[in-house]
Amino acid sequence: MTAAVIDGKAFAATLRARVGELATAFEAKAGRKAGLAVVLVGEDPASQVYVRSKGKSTVEAGMNSFEHKLPADTSEADLLATVEQLNADPAVDGILVQLPLPRHIDEQKVIAAINPDKDVDGFHVTNAGRLAVGQPGFVPCTPLGCSMLLKDKLGDLSGLDAVVIGRSNIVGKPMAQLLIAESCTVTVAHSRTKNLADVVRRADIVVAAVGRPEMVKGDWIKPGATVIDVGINRVPGAEEGKTRLVGDVDYASAATVASAITPVPGGVGPMTIAVLLRNALVAAYRNEGLDLAADAV
Ligand code: NAD
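Residues numbered from 1 in each chain as written. Predicted model: local features only at pLDDT ≥ 70, side-chain atom pairs only at ≥ 80, totals over all residues. Heavy atoms only, no water.

A. The arrangement of the site of the ligand in detail. Around the ligand lies a shell of 21 residues, among which Arg167, Ser168, Ser191, Arg212 and Thr272 are the nearest. Between the ligand and Arg167, the relevant distance is 2.8 Å, taken from an oxygen atom to a main-chain nitrogen or oxygen of the residue. Ser191 has a polar backbone atom sitting 3.1 Å from an oxygen atom of the ligand. In isolation the ligand exposes 860 Å². Once the protein is present, 72% of that is buried. Looking at the shell around the ligand, its residues break down into 9 nonpolar, 10 polar and 2 charged. (Near = heavy atom within 4 Å. Polar contact = N/O pair within 3.5 Å; in protein donor to acceptor, adjacent residues only side chain to side chain. Areas by Shrake-Rupley, 256 points an atom, 1.4 Å probe, with all protein chains shown as cover. Nonpolar A, V, L, I, M, F, W, Y, C, P; charged D, E, K, R; others polar.)

B. A look at the sheet that holds strand S5 (residues 161-165). One open sheet holds the 6 strands; their spatial order is S1-S11-S8-S7-S5-S6, and the pairing between them is parallel. Each end of this open sheet is capped by a strand with a single partner; those strands are strand S1 (4-5) and strand S6 (185-189). Both S5 and S6 contribute to a ladder of 5 bridges, which runs parallel. Note that in S6 the partner of Asp161 across the bridge is Thr185. Seen against the sheet, helix H6 (residues 141-154) touches S1, strand S7 (205-208), strand S8 (226-229) and strand S11 (260-261) and runs at an angle of roughly 160° to S8. Packed onto the sheet, helix H7 (residues 172-181) meets S5, S6 and S7 and runs at close to 170° relative to S5. (Pairing = 2+ DSSP bridges. Helix = DSSP H or I, 4+ residues; strand = E, 2+ residues; numbered from the N terminus. Contact = heavy atoms within 4.5 Å. Axes fitted to C-alpha atoms, helices over the stretch in contact; angles between N-to-C directions.)

C. Representation of the pattern of salt bridges in the model. All told, the structure shown has 12 salt bridges when counted by the stated rule. With a shortest N-O distance of 3.2 Å, Asp117 and Arg130 are connected by a salt bridge. Residue Asp117 is found in the loop between helix H4 (107-113) and helix H5 (125-133), and its partner Arg130 is found in helix H5; the two are separated by 13 residues along the sequence. On the basis of relative accessible area, Asp117 is assigned to the partly exposed category, the value being 35%. The buried category is assigned to Arg130, whose relative accessible area is 17%. The closest approach of N and O atoms between Glu239 and Lys242, which form a salt bridge, is 3.8 Å. Each of Arg16, Lys56 and Glu60 takes part in a single network of salt bridges with overlapping partners. (Salt bridge = Lys/Arg side-chain N within 4 Å of Asp/Glu carboxyl O. Buried < 20%, exposed > 50% of the residue type's maximum accessible area, 1.4 Å probe, protein only.)

D. Region of interest: the sheet that holds strand S2 (residues 35-41). The sheet built from 3 strands is open, its strands ordered S3-S2-S4 with parallel pairing. Edge strands, defined here as strands with exactly one partner in the open sheet, are strand S3 (64-70) and strand S4 (94-97). Pairs of neighbouring strands in the sheet enclose a mean axial angle of 15°, with direction left out of account. Relative to S4, S2 runs parallel, the two sharing 4 bridges. Bridged to Val39 within S4 is Val97. Here helix H2 (residues 45-60) sits on the sheet in contact with S2, S3 and S4, set at roughly 160° to S3.

E. Expanded view of the environment of Gln98. With respect to the helices and strands, Gln98 occurs in the loop between S4 and H4. As for Gln98 and Ala284, which are separated by 186 residues in sequence, their C-alpha atoms are 20 Å apart. A polar contact is formed between the side chain of Gln98 and the side chain of Lys54, at a distance of 2.8 Å.

Printed below as a string of structure tokens:
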């Protein structure tokens, strides 16, 4: 069997176009553009790239992007004051504080300061709680993107056995909640799981969010399963001095067994920003008290 490739890049492009249409409709109704604020503390090169790319994508989707770049030695109090200012600003619908923060700042404290109705990353405990009890809120972008890809590929997920490898607050745990909400039978595996290969072999759906290059092998996969690879790992490339990106799944062997699989790059990765834009747009509609159908985007 050769697995179908789940084209996250194409799906993300369609989602971004849809967000763009709805952002134009929002502007006509609200008399202003939807706005997403991104706060970056320090000069971490990877974070700078993410923030630039988020800002560009936000503008392309017809929304305002407010970038707040603060020096690495910004105090926790000053960062909290910036968050408070954005909470109070009616032009700002969504707030994203780029992680990781410098070590002298307590990340949880900063996340807790964001108004949950502007928390488009879905990291606030209020949004984690809303997800757990099935209330509308904001769901972290990467797992929500994975869930969209799965539903697009498989339709109804009800009754399927799903194994999520990884239990982080950002990916693994919210992914498990989303799959429970879709009526899957969910197992969450992690660094202490015994006989991981046997656990994964039970799954109709495998979501790998570990951060270990090509750890999940083809002979761990049940024939016909659907594999979502969240991992982004940089490893030495074929040429001296060059690197390449690989996932947490050994793509070559898994693709001979699975029925569908996300590639790295071009699978889950492009979904994350597209879902962030989607969350910002939803925040804007909610903040203005405007209706947006649950299945609109
Ligand atoms: P994390 O380090 O917070 O969590 C990793 C999880 O993997 C932990 O829960 C740990 O228990 C589990 N784990 C570690 N070793 C294991 C092992 N040997 N067997 C089983 N489980 C093991 O990472 P994260 O933030 O959840 O990210 C996971 C991966 O996803 C990383 O590669 C990251 O780069 C990637 N990621 C991608 C996107 C995207 O946009 N595509 C977004 C977020 C994270």
